[in-house]
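Here are the chains, one letter per residue:
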Amino acid sequence: MHPQKTYTVDEAQKRLEHYCAYQERCHKEVTQKLYDMKMIPEARDQIIVHLLQHNFLNEERFAQAFVRGKFRIKKWGKQRIQLELRRKDINKTLISIALKEISDVDYYSTFHALAEKKAETMRETNKQKKRKKLADYLFYRGWESHLVYDKIRELIP
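Structure report, in brief. Because the structure is a prediction, the values reported are computed rather than measured.

Analysis parameters
Residues numbered from 1 in each chain as written. Predicted model: local features only at pLDDT ≥ 70, side-chain atom pairs only at ≥ 80, totals over all residues. Heavy atoms only, no water. Salt bridge = Lys/Arg side-chain N within 4 Å of Asp/Glu carboxyl O. Helix = DSSP H or I, 4+ residues; strand = E, 2+ residues; numbered from the N terminus. Buried < 20%, exposed > 50% of the residue type's maximum accessible area, 1.4 Å probe, protein only. Disulfide = S-S within 2.5 Å. Lys, Arg positive; Asp, Glu negative; His and termini not counted. Contact = heavy atoms within 4.5 Å. Expected span 1.5 Å × (residues − 1). Arc of directions from axis to C-beta. Polar contact = N/O pair within 3.5 Å; in protein donor to acceptor, adjacent residues only side chain to side chain.

## Some thoughts on the pattern of salt bridges
Pairing of side chains with opposite charge becomes possible as their charged atoms draw close. On inspection of all chains with the given rule, the structure shows eleven salt bridges. In this structure, the salt-bridge partner of Glu 84 is Arg 87, at a minimum N-O distance of 3.0 Å. On the criterion of helical spacing, the pair formed by Glu 84 and Arg 87 is a turn pair, its members being three residues apart in helix 5 (residues 78-87). For Glu 84, a relative accessible area of 14% corresponds to the buried category. One salt bridge in this structure joins Glu 116 and Lys 151, with 2.8 Å as the shortest N-O distance.

Here it is, written out as structure tokens:
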């Protein structure tokens, strides 16, 4: 078994500056990293305050980057994005601000393109099963039920 590496406050602070500069992080991720580094509570608080003061850590910026990334790259809907942000302990006000990063035009065009692409690639011949599979796929990605059901009625009459 390897002995746990210990860090001074300065070493830990430098590591977390790099950790936050590499990619946007939320408070929960940074706190977990400090726990993993076995830092004492006073040191954790001191490091988090430093990161906030020097703008390495910013929840609003994190939430906006998260929303943009998950929507553009993974094609998640607003429901799934909200759920994942709540899991990261982001407050509701910041979530609603961040969700404004997605324009309605982009949102609906992405939804329609995703649903149509998935419907075309499905090999299921039974209409009911095909509808169910498409609905499950879109719900898993976090799209709203009224959009999903309307699109299924349109694509699989």
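## Section: the state of the cysteines
Evaluated as defined, the whole model comprises zero disulfides. Here Cys 20 is not disulfide-linked; the sulfur of Cys 26 is the nearest cysteine sulfur, at 9.6 Å. The buried category is assigned to Cys 20, whose relative accessible area is 5%.

## Overview of the side chain of Arg 44
In this structure, Arg 44 sits in helix 3 (residues 41-53). One buried charge, Arg 44, has no salt-bridge partner; the nearest side chain with opposite charge is Asp 45, at 5.7 Å. Residues contacting Arg 44, with those up to four places away along its chain left out, are Leu 34, Tyr 35 and Met 39.

## Examining helix 8 (residues 127-140)
Residues lying three or four places apart along an α-helix face the same way, a consequence of the helix completing one turn every 3.6 residues. The first and last C-alpha atoms of helix 8 sit 20 Å apart over 14 residues, in line with the 20 Å expected at 1.5 Å per residue. All of the buried residues in helix 8 are Lys 130, Leu 134, Ala 135 and Leu 138. End-on, the buried residues of helix 8 take up no more than an arc of 130°, which puts them together on one face. Exposed side of helix 8, more than 90 degrees from the buried face: Gln 128 and Tyr 140 are the residues found there. Turning to helix 8, the residues buried within the fold contact helix 7 (104-121) and helix 9 (145-155). The N-cap residue of helix 8 is Asn 126: its side-chain oxygen and the backbone nitrogen of Gln 128 are 2.9 Å apart.

## Topic: helix 4 (residues 59-72)
With 14 residues, helix 4 ought to run about 20 Å at 1.5 Å a step, and its terminal C-alpha atoms sit 20 Å apart, in line with that. Of the positions making up helix 4, those classed as buried are Glu 59, Phe 62, Ala 63, Gln 64, Phe 66, Val 67 and Phe 71. Those residues of helix 4 hidden inside the fold are in contact with helix 2 (27-36), helix 5, helix 6 (92-99) and helix 7. Backbone nitrogen of Glu 60 and a side-chain oxygen of the N-cap are separated by 3.0 Å at the start of helix 4; the cap is Asn 58.

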